Amino acid sequence: MTMMSTMAASLVLAGAPGTSTWSLDVTHAELGFKVRHMMVSWTRGTFDRFSGTLELDEKDVSKSKVSVSIEVASVNTKVKERDDHLRGPDFFDVEKHPTMTFTSTGFAQKNGRLEVTGQLTIRGVSRKVVLDADPFPAAVKDPWGKWRTGTRATTKLSRKDFGLTWNKALEAGGVAVGDEVELGLDVEFIRQG
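A brief structural summary. It should be emphasised that the depicted structure is a prediction, and the values quoted were computed from it without experimental measurement. (Residues numbered from 1 in each chain as written. Predicted model: local features only at pLDDT ≥ 70, side-chain atom pairs only at ≥ 80, totals over all residues. Heavy atoms only, no water.)

## Description of the pairing of strand β2 (residues 30-37)
Short version of the rule: A strand pair is defined by DSSP finding two or more bridges across the two strands. Secondary structure elements follow DSSP: runs of H or I of four or more residues count as helices, runs of E of two or more count as strands, with numbering from the N terminus.
The sheet contact formed by β2 and strand β12 (residues 177-191) spans seven bridges and is antiparallel. Bridge assignment links V35 to a residue of β12, and that residue is V181. Pairing of β2 with strand β3 (residues 41-47) involves seven bridges; the strand directions are antiparallel. The residue of β3 that forms the bridge with F33 is G45.

Take a look at the structure:
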């Protein structure tokens, strides 16, 4: 190997500009949500089983791509009865729709932030969503020799847009479950190859 090719290989490993493939590290990630309950408080939950891939173009982030698949049955609000209800036909209907997916269609840098546009599919219904994300930091090498990067992203969506319409009217007015859902994703990726 020549000195130039050795330097080039070192730069690629150190996160120099170029396209690289990264896998979602499920042990260092959280996919969470919150929704209004009884119009007075928030109920929070997570999905505990998921996978994902990032194709990161460090030279031109607009060419990057990300895809995530989530096992909907892994929904966890820390209340078994509520989780069972969420898995059933009133909400996610996991027997018919075991996964939800997000596939990006575009990355854009705006005001020091990343705007990640993509198709979110829940219950077989796909809708365009836009995630507001932190820019990817420079990759860091962990104690085991793997390169890592990550981000935090948020968005809001209407659950009714995805066929999640179950609700109960309250005697004093309002409904048991709010329509707007806030999603928050804290994700860490490990470079492959």
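## Some words on the packing of aromatic side chains
Aromatic ring pairs: the centre-centre distance and the angle between the two ring planes describe each pair. Filter applied, for reference: Only Phe, Tyr and Trp rings take part, Trp by its six-membered ring, and two of them pair if their centres are within 6.5 Å. Stacked means planes under 30 degrees apart, edge-to-face means over 60, and tilted covers everything else. Only protein chains enter the calculation, and the probe is 1.4 Å; a residue is then buried if its accessible area is under 20% of its type maximum, exposed if over 50%, and partly exposed in between.
With the rule as written, the count across this model stands at two aromatic pairs. With centroids separated by 5.5 Å and ring planes inclined at 40 degrees, the aromatic side chains of F33 and F47 adopt a geometry described as tilted. With F33 in strand β2 and F47 in strand β3, this residue pair connects regions lying 14 residues apart in the sequence. With a centroid separation of 5.8 Å and 75 degrees between ring planes, the pair formed by F47 and F92 is classed as edge-to-face. One end of the pair, F47, is in strand β3; the other, F92, is in the loop between α2 (80-87) and β7 (99-110), and 45 residues separate them in sequence. You can call F92 buried: its relative accessible area is 9%. Chaining the aromatic ring pairs together yields one cluster made of F33, F47 and F92.

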